[in-house]
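Read off the chains here:
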Amino acid sequence: MSPQEPQDPRPESPHPESPRPEDPRTARTKGRLRESLLAECADRPLAEVSVSAVVRRAGVGRATFYLHYEDLPALAVDACAGVVHAAVDALHAWQTGPSPRPPARPPAALAAFLAEAAEQAPLYRTLLLPGGGGPLGDRLHRELRARARAERAAVGAPHPELVASAVAAAFTGVLADWLHGEVPADPQALADHLWRLLMSLHSAVGPGPAQ
C-alpha cells in the first residue's frame, strides 16, 4: 500500500483468499450429474444427449440441474475438468526425484493419459475442437501455460512466457487433432512424438543478447 492510499478501517480477514467449501450435498449432486453425462456420452456425441436423459440417469430433477449448470456444455466442461488436471500431471510425472532435467523418454503416465483420453474421445471432440479450440481446449491451454511458465521461471530459464505459450499451444493442438483423427498414432507413439516436440521447444530458446 502506497503512503497516499487511505487506511481501510475494517479488520482484515485472517483468510481473505480462502474459498468457502462446497456443501457436501451439492458436491454429491454435481458428481452424479458429471458421472451421468459421461455415461450418456459413452456411445454418442454430446449434441445427441438431452438434459432429460442426464437427470433421469442421475436421479435428480431438471430444476436441480439448472440450479447448478446453465446448460449441458457447462456440465460437460465441469465433467472434463479432470482431463485437464490429468494432462498436466502426466506431462510432469517425471518430477519425482532430485534430477533437474527431464528424461529422454516420456513418463509412462503420458501414454496412459492418452489411452484414457481416446476412450472418451466422442465427448472430448465436442469440447476440444481441431487445432485446440473450444472450452476444453481453452482451459487446457491456460493451465498448461501457467504450469510451464511457473516452472521455467523458477529455475531461471529464459523467456518463460514465450516458451510456456508455445508448449501449451503445441500440446493442446496436437491432442485435439489426434482425437479428431488428423494425427495417426497410437497412444505410446504419440507420447514419444509429443515428448520430443515439447522438449525441443524448451531447449530452442536460449538467453538473449547481453544487455
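As the structure is a prediction and not an experimental result, all values here were calculated from the model. (Residues numbered from 1 in each chain as written. Predicted model: local features only at pLDDT ≥ 70, side-chain atom pairs only at ≥ 80, totals over all residues. Heavy atoms only, no water.)

Moving on: the nonpolar core. It is characteristic of soluble globular proteins that their nonpolar side chains tend to be buried jointly. Judged by nonpolar contacts, the single largest core of 52 residues is most densely connected at L33, L37, L72, F113, F171 and L175. The element that contributes the greatest number of residues to this core is helix α9 (residues 160–179), accounting for nine residues. Residues contacting L175, with those up to four places away along its chain left out, are F113, L114, L128 and L140. (Core = buried A, V, L, I, M, F, W, Y, C linked by side-chain atoms within 4.5 Å. Buried < 20%, exposed > 50% of the residue type's maximum accessible area, 1.4 Å probe, protein only. Helix = DSSP H or I, 4+ residues; strand = E, 2+ residues; numbered from the N terminus. Contact = heavy atoms within 4.5 Å.)

It is worth spelling out the confidence of the model for the protein at this point. Residues of the protein with pLDDT of at least 70 account for 85%, and the chain-wide mean is 85. Element-level mean pLDDT values for the protein span from 87 in helix α7 (residues 121–127) up to 97 in helix α2 (residues 51–58). Of the regions scoring below 50 in pLDDT, residues 1–19 engages in two contacts with residues more than four places distant in sequence or in other chains. (pLDDT = per-residue confidence, 0-100.)

Among the structural elements, A121 can be located in helix α7. With a relative accessible area of 7%, A121 lands in the buried category. In sequence terms A121 and H180 are 59 residues apart; their C-alpha atoms lie 8.1 Å from each other.

This paragraph deals with the side chain of K30. In this fold, K30 is placed in helix α1 (residues 24–40). Classification of K30 by relative accessible area gives buried; the value is 17%. Once you skip the residues sitting within four places of it in the chain, K30 turns out to touch E22, H68, Y69 and D78.

A complete count under the given rule lists two aromatic pairs for this structure. Note on F65 and Y66: the rings are 5.0 Å apart at their centroids and 90 degrees apart in plane angle, and the pair reads as edge-to-face. Feature note: the residues F65, Y66 and Y69 constitute an aromatic cluster, connected by ring pairs. (Phe/Tyr/Trp six-rings, centres within 6.5 Å; stacked < 30°, edge-to-face > 60°.)

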